[in-house]
Amino acid sequence: SIFGSFSFLSAFLRPAIILVCGMLLFNLPTLVYKIGMFLRGILYFFFCNDKSWKKPQDPMIVMEPILEKEKTGEEQKLERKTIYLCRHGESTWNDTFNKGSHRSAAAFAIGF
């Protein structure tokens, strides 16, 4: 019967729920912090004005006359510079999100 298999499922589900609740209550400050972050995220989602932004002006409208004058040799208002960007490879992002033996997926999800 279907109810017989349901009781079999609840026999495994109940200890798992008790374990998860115990783990969450054991680290109560983290639970409260994450619930607060979750609620702030929901409030931001519904009340932010990021959905109504104005399209910025095309930069070529401003730059095109300057570039044309530079091509013809009339004026040279633009100074060209070379920028070198260096990236440091060992960051907190890498430590947090890269896989490794230092953190399991379950511990990452729970926050321990």
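As the structure is a prediction and not an experimental result, all values here were calculated from the model.

The number of helices and strands found in the protein is five helices and zero strands. Moving toward the C terminus, one meets the helices and strands of the protein in the order α-α-α-α-α. Summed over all atoms, the accessible surface of the protein reaches about 11,100 Å², with 67% contributed by carbon and sulfur.

On average, residues of the protein score 76 in pLDDT, and 71% of them reach the 70 mark or higher. When pLDDT is averaged over each element of the protein, helix H2 (residues 28–47) comes out on top at 88 and helix H4 (residues 92–97) at the bottom at 67.

Once that is clear, we can look at a nonpolar patch on the surface. A cluster of nonpolar side chains, Ile 35, Phe 38, Leu 39, Ile 42, Leu 43, Phe 45, Phe 46 and Phe 47, forms an exposed patch at the surface whose accessible area comes to about 900 Å². Relative to the helices and strands, Phe 38 resides in helix H2. Taking relative accessible area as the criterion, Phe 38 reaches 55% and is therefore assigned exposed.

Attention shifts here to helix H3 (residues 59–72). In an α-helix, one turn spans 3.6 residues; hence positions three or four apart end up facing the same way. Helix length check: H3 (14 residues) gives 20 Å between terminal C-alpha atoms against 20 Å at 1.5 Å per residue, within 8%. Gly 73, located one to two residues past H3, shows a positive phi value of around 90°.

Scanning the entire structure with this criterion turns up one aromatic pair. Geometrically, the ring pair formed by Phe 45 and Phe 46 is edge-to-face, given 5.1 Å between the ring centres and 80° between the ring planes. Using a relative accessible area of 56% as the deciding quantity, one classes Phe 46 as exposed.

The rules we used
Residues numbered from 1 in each chain as written. Predicted model: local features only at pLDDT ≥ 70, side-chain atom pairs only at ≥ 80, totals over all residues. Heavy atoms only, no water. Helix = DSSP H or I, 4+ residues; strand = E, 2+ residues; numbered from the N terminus. Areas by Shrake-Rupley, 256 points an atom, 1.4 Å probe, with all protein chains shown as cover. pLDDT = per-residue confidence, 0-100. Patch = residues over 30% accessible without salt bridge, like charges linked within 9 Å, V, L, I, M, F, W, Y side chains within 5 Å. Salt bridge = Lys/Arg side-chain N within 4 Å of Asp/Glu carboxyl O. Buried < 20%, exposed > 50% of the residue type's maximum accessible area, 1.4 Å probe, protein only. Expected span 1.5 Å × (residues − 1). Phe/Tyr/Trp six-rings, centres within 6.5 Å; stacked < 30°, edge-to-face > 60°.

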